[in-house]
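Take a look at the letters that make up each chain.
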Amino acid sequence: MKSHVYKIQVLALATLISSSSLALTKTTEDPKAARKFIKEGIWRGVFKVSESEVPFNFELKGKDAETATFTLLNGSRRDDFHIQYLGKDSLFIKMNTYDAALVAKIESDGKISGEYRSLVPGLRGNALPFTAEQGKDYRFVEPGKDVAPAADLTGKWEFKGFSKEAVPNKVAILKQVGNKLTGVVMQVTGDSRELEGTVQGNQFVLSGFSGPSPRIYRGTINEDGTLSGEISQGIYDNLKFTGVKDSKVELPDPYTLTSLKPGLKKLAFTFPDLNGKPVSLTDDKYQGKVVIVELVGTWCPNCTDQTVFLSPWFNKNKDRGVEAIAIGFEQKDDLEYGKYTLGKLRDKYDIKYDILFGGLADKRLVADKLPALNKFIAYPTTIIIDRKGEVREIYTGYTGTVTGQYYSEYEKKFNKVLDELLAEPVPPATYFATQTASR
């Protein structure tokens, strides 16, 4: 057994700290007496992402790590995290179910400095350095230094030019009040979560950090009203885009992007659950039930948002003849690692349905392991199966609550489809016996 490798241990974290510029100070005194803590209130942090600075805001409530809440602020969105001590002046803030953390040192002047780090064992990649200062509640521009905006960007925009992606275009829904700009950028794989920023003269900028890697959209309002800009997300991932305002622009229908291959009606797979037990759709548990299959990853923010929707829905409806299965594709092809990451997801979001480990988060591998699908485009992908075991709907990606009408339409159709399928009669036992004999 090597599951202990994936648990957050103080010794491992101390090694993590000592490998960077952050120093972990050991003391034989009462550790609580020697500890420093950061001030309560609103903070402004700044990441260094490639050549850009990406600001973010958070709020700290509480006097010590045992009772404090660290809340990331993005427009109206709030994401809460817990804090751990790493020493008398060092802190560790795990990004909940994402296998990453903010590792910070409290400086003598009360500011903090540190890094946003991946915690995936063996995953190489540069950390993102950051600094933060208490008492600053602005994101980009200090109060009193705003420049009158050259335009109002409120509305729907088509963003083009993301050449590294299979489906390049995105749809942005923006809202501007004075200089303040908020919004969301959608693509077929999901949405950006809520972004917050500003318009200064003919320049605009939006950033977001809610636990996954921070991102920033920055650009220019051109004389003809179009936009030119660049998005930076993660390490050295910069993409150019142009924007055109278009109230009628839409992404492709997410119900048409993924399907079964011609001639097929059923999905087949066998994956281990978190105890290592093989699970298949042909198991007795699923016979005669409507089954929701989710292809997810704990590293994927849209998957988390979809889980926030599905878990309470399932807990409310589980006695109606419905089952659900989440198949997690993780950043290591290791069941023990999957037990750790997917177990965290299960516990945080009170998941009562089965969670299976699918393997490495690689779209080509997902397609290989689920050969009935014509292609695999996005985490999450939702597959709805009727009482006969036939696939009836496949939804690619996920649109969260920040997308407004798109989320409402998704929720409405999801419930409509499930209500209709649950109303269908349960096939007789002889039907499933015949199906089994024919395989």
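Treat the numbers as computed from the prediction; the structure is a model and nothing was measured.

Cut-offs and rules
Residues numbered from 1 in each chain as written. Predicted model: local features only at pLDDT ≥ 70, side-chain atom pairs only at ≥ 80, totals over all residues. Heavy atoms only, no water. Helix = DSSP H or I, 4+ residues; strand = E, 2+ residues; numbered from the N terminus. Buried < 20%, exposed > 50% of the residue type's maximum accessible area, 1.4 Å probe, protein only. Contact = heavy atoms within 4.5 Å. Areas by Shrake-Rupley, 256 points an atom, 1.4 Å probe, with all protein chains shown as cover. Salt bridge = Lys/Arg side-chain N within 4 Å of Asp/Glu carboxyl O. pLDDT = per-residue confidence, 0-100. 1 Å grid on protein atoms, 1.4 Å probe; cavity = no way out; pocket = protein on both sides within 12 Å on 5 of 7 lines; lining within 4 Å. Points joined across faces, edges and corners; volume = space filled by probe spheres on them. Nonpolar A, V, L, I, M, F, W, Y, C, P; charged D, E, K, R; others polar. Core = buried A, V, L, I, M, F, W, Y, C linked by side-chain atoms within 4.5 Å. Pairing = 2+ DSSP bridges. Axes fitted to C-alpha atoms, helices over the stretch in contact; angles between N-to-C directions. Left-handed = near helix turned anticlockwise from the far one by under 90°.

**Q** Is there a simple way to explain the overall build of the chain in this structure?
**A** A tally of regular secondary structure across the chain gives seven helices and 25 strands. Within the chain, buried positions represent 51% of all 439 residues. By sequence separation, contacts in the chain at least 24 residues apart represent 60% of the contacts at least 6 residues apart. For the chain, the computed accessible surface area is about 20,500 Å², with 50% contributed by carbon and sulfur atoms.

**Q** In this structure, what is going on with the pattern of salt bridges? I would like to understand it.
**A** Pairing is possible between side chains that carry opposite charge, provided their charged atoms lie close to one another. Scanning all chains against the criterion turns up 24 salt bridges. The partner of Asp305 in a salt bridge is Arg193, and the shortest N-O contact between them spans 2.9 Å. Of the two residues, Asp305 sits in helix α3 (residues 301-317) while Arg193 sits in the loop between β13 (190-191) and β14 (195-200), which places them 112 residues apart along the sequence. Both residues of the pair, Asp305 and Arg193, count as buried.

**Q** Please clarify how the confidence of the model for the chain should be interpreted in this entry.
**A** Atomic detail in the predicted coordinates should be set aside for any region of low pLDDT. Here the chain averages 89 in pLDDT, and 87% of its residues register 70 or above. Note on residues 1-29: pLDDT is under 50 here. Beyond four places in sequence and across chains, it has 46 contacts.

**Q** Explanation requested: the environment of Gly321 in the structure shown.
**A** Relative to the helices and strands, Gly321 resides in the loop between α3 and β22 (322-330). It is 10.0 Å that separates the C-alpha atoms of Gly321 and Gln287, two residues lying 34 residues apart in sequence. Setting aside chain neighbours within four positions, we find Gly321 in contact with Lys289, Val290, Arg387 and Leu422.

**Q** What is the right way to look at empty space enclosed by the protein in this model?
**A** Where empty space is left becomes clear once a probe the size of a water molecule has been rolled over the atoms. Counted by the stated rule, this structure contains one cavity of 30 Å³ or more. Put simply, the largest cavity is a space of about 60 Å³. Tyr255, Thr382, Ile384, Glu393, Ile394, Tyr395, Tyr410, Lys413, Phe414 and Val417 together form the lining of the largest cavity. Those elements that provide at least two residues to the lining of the largest cavity are β24 (381-385), β25 (391-396) and α6 (405-423). If one sorts the elements of the lining of the largest cavity by residue count, α6 sits on top with four residues. Considering only residue class, the lining of the largest cavity consists of seven nonpolar, one polar and two charged.

**Q** Explain the nonpolar core here, please?
**A** The nonpolar side chains of a soluble globular protein tend to be buried, and buried together. Residues Phe269 and Leu295 are the most contacted members of the largest nonpolar core, which totals 53 residues. At the level of elements, β21 (290-296), α3, β22, α4 (335-348), β23 (354-360), β24, β25 and α6 are the ones that each hand at least two residues to this core. It is α6 that contributes the most residues to this core, seven residues altogether. Ignoring sequence-local partners within four residues, the contact set of Phe269 consists of Val279, Ser280, Leu281, Val293, Ile325, Ile327, Leu356 and Leu370. Among the nonpolar cores identified, the runner-up in size contains 32 residues, and Phe37, Leu60, Tyr98 and Phe130 belong to it.

**Q** Please clarify how unusual backbone geometry should be interpreted in this entry.
**A** Leaving glycine aside, a negative phi is the common case for residues, and trans is the common case for peptide bonds. Each neighbour pair has its own omega, and for Tyr379 with Pro380 the value is -5°, a cis peptide bond. Looking at the element boundaries, Pro380 is found in the loop between α5 (363-369) and β24. Even without being glycine, Asp350 reaches a positive phi, approximately 55°. For Asp350, the location among the structural elements is in the loop between α4 and β23.

**Q** Please clarify how the sheet that holds β25 should be interpreted in this entry.
**A** In a beta sheet, neighbouring strands are held together by backbone hydrogen bonds and run either parallel or antiparallel to one another. Strands sit in the order β23-β22-β21-β24-β25 across an open sheet of five strands; the sheet is mixed. Pairing within the sheet leaves two strands with one partner each, and these edge strands are β23 and β25. With strand direction ignored, the average angle separating the axes of adjacent strands in the sheet is 15°. When β22 meets β23, the two strands line up parallel, connected through six bridges. Bridge assignment links Ile325 to a residue of β23, and that residue is Asp354. Packed onto the sheet, α4 meets β22 and β23 and runs at close to 135° relative to β23.

**Q** What is the right way to look at the pairing of β22 in this model?
**A** Of all nine residues in β22, nine are buried, a share of seventy percent or more. Burial along β22 is two-sided: Val322, Ala324, Ala326, Gly328 and Glu330 facing one way and Glu323, Ile325, Ile327 and Phe329 facing the other are all buried. Bridge count between β21 and β22: seven bridges; the pairing is parallel. Bridge assignment links Val296 to a residue of β22, and that residue is Gly328.

**Q** I tried to follow the environment of Glu223 on my own but got confused; where do I start?
**A** Its place among the elements puts Glu223 in the loop between β16 (215-221) and β17 (227-233). Along the primary structure Glu223 and Ala151 are separated by 72 residues, whereas in three dimensions their C-alpha atoms are 9.9 Å apart.

**Q** What's the story with the sheet that holds strand β7 (residues 100-106) in this structure? I'm lost.
**A** With antiparallel pairing, the nine strands of this open sheet are ordered in space as β4-β3-β2-β1-β9-β8-β7-β6-β5. Edge positions in the sheet fall to β4 (77-81) and β5 (84-87), since each of these pairs with one other strand and no more. Along the sheet, successive strands turn relative to each other by an average axial angle of 30°, direction set aside. Across five bridges, the pairing between strand β2 (residues 52-61) and strand β3 (residues 69-74) is antiparallel.

**Q** Is there a simple way to explain the packing of α3 against α6 in this structure?
**A** The geometry of a pair of packed helices is captured by two quantities: the angle between their axes and the separation between those axes. Direction vectors running N to C along α3 and α6 enclose 35°, while the axes themselves pass 13 Å from each other. In the crossing of α3 with α6, the sense of the turn from one axis to the other is right-handed. For the pair formed by α3 and α6, the contact residues are Gln306, Phe309, Leu310 and Trp313 on the first element and Tyr407, Tyr410, Glu411, Phe414, Asn415 and Leu418 on the second. Counted by class, the contact of α3 with α6 contains seven nonpolar, two polar and one charged residues.

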